[in-house]
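What follows is the residue order along each chain.
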Amino acid sequence: MTLLLTLDDGSIQRKLAEAVDLARAAVLEDAGAEQVGAHVGVDREDAVSASHLFEATVTGYRGWRWSVTVALAGEDEPITVSEVVLIPGPDARVAPAWVPWDRRVQAGDLGVGDIFPVEKDDPRLVPAYLESDDPAVEAVAKETGLGRVHVLSRHGRLDAAARWHSGEFGPRSDMARSAPDVCGSCGFFVSLAGSLSAAFGACTNDISPADGHVVDVEYGCGAHSEIEVEVTSSVPVAELVYDDSLMDFEPAPETPAETPEPEPAETAEAAVVDESEAPVAEAPETAEVQPEVEPEAATAETTETSETADEAQVEAESASEH
């Protein structure tokens, strides 16, 4: 066997993986053909063994598989079957892990009238006299049974502190993350006594969801005692207000009417024109009556006459300006 482990080049595992028919024949001997499904894979167990997996069609075992383990004792030896078992697959429904009866009660399970005894050697508790610094007091307390019989041990205090810190009223809760401040600065926070006073206390605000509970000093809620909310009027008020009754009014001074400036003399003189000096346009001579002409020729003559009259008028206006 040692020789196989040392000199194996993968041929052994290949032989084991190819033994599908041998594995199926082995499982058919234990179960009928109607309870064995398709081959779903091979799991390597060690250097000389492997397990072939087949779907199980057994009533009440949905998701389970047949596991057939085959082995090879030597290179010249035949492959043999080691065992055939029914195992749960990844989607199989199985029973939960076994829990001893004395550990099945969880936090919050204790109801009215229920009794749950403490273990004899519970590490969370120690005899009360061990908490005193005076040996004489411890001896008297032990003999007479004064005070409490058990108190929290260091392990018990640390266990409670870890549970409270990570619980509903610890700094990691959703309420604490959205709070404006922490309980350590709140007036409704009452510290615990002893070594736990540095990190925990009780809430006394009836509006808070933590009222009556142990809270972490870093926990917080919206009912913190130091919260101040700015209250503003629902009616908008201007920031700057003028009181018209305290203002004096004076009439504005009258603005004098503007006197039109006189035009320059040269401009006025240029505007006066001596009609006697203006040239008189000569009247065109009366045209002799001509015989009928074509409409086109008459139109041309009329146009020329109009243009001549316009030119004469322009020359007259130009002479009058000079």
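These lines cover the structure that appears in this document, whether it is placed above or below.

Cut-offs and rules
- Every residue gets a number counted from 1 within its own chain, in the order that chain's sequence is written.
- Owing to the predicted nature of the model, reporting of local features is limited to residues with pLDDT of at least 70; listing and counting of side-chain atom pairs is limited to 80 or more, with chain, interface and lining totals taken over all residues.
- Here the side-chain values reflect all heavy atoms present in the structure, with hydrogen atoms and water set aside.
- In this analysis, strands are considered paired if DSSP registers two or more bridges between them.
- By the criteria applied, helices consist of DSSP H or I runs no shorter than four residues and strands consist of E runs no shorter than two, each listed in order from the N terminus.
- A fitted line through C-alpha atoms represents every axis, and for helices the fit uses only the stretch in contact; the resulting angles, taken between N-to-C directions, go from 0 to 180 degrees.
- Counted as a polar contact is a pair of N or O atoms within 3.5 Å, where, for protein atoms, one must be capable of donating a hydrogen and the other of accepting one, and residues adjacent in sequence contribute only when both atoms are in side chains.
- Only heavy atoms matter for contacts: two residues are in contact if any of them lie within 4.5 Å across the pair.

1. Topic: the sheet that holds strand β3 (residues 64–72)
Consideration 1: Read from one edge of the open sheet, four strands run β1-β2-β3-β4, paired in antiparallel fashion. Of all the strands in the sheet, the pair left with one neighbour each is β1 (36–46) and β4 (79–88). If you compare each strand with its neighbour and ignore which way they point, the axes differ by 25 degrees on average.
Consideration 2: In terms of strand pairing, β3 meets β4 through nine bridges, oriented antiparallel.

2. Comments concerning the sheet that holds strand β8 (residues 200–203)
Consideration 1: On the basis of which strands lie adjacent, the open sheet formed by three strands has the order β7-β8-β9 and antiparallel pairing. Looking at strand neighbours, the two that pair on one side only are β7 (189–191) and β9 (214–216), the edges of this open sheet. Neighbouring strand axes in the sheet, compared pairwise and without regard to direction, differ in orientation by 50 degrees on average.

3. What about the side chain of Ser-208?
Consideration 1: Structurally, the position occupied by Ser-208 is in the loop between β8 and β9.
Consideration 2: A polar atom in the side chain of Ser-208 sits 3.2 Å from the backbone nitrogen of Ala-210.
Consideration 3: Other than its neighbours up to four places away in sequence, Ser-208 contacts Cys-203, Cys-221 and Ala-223.

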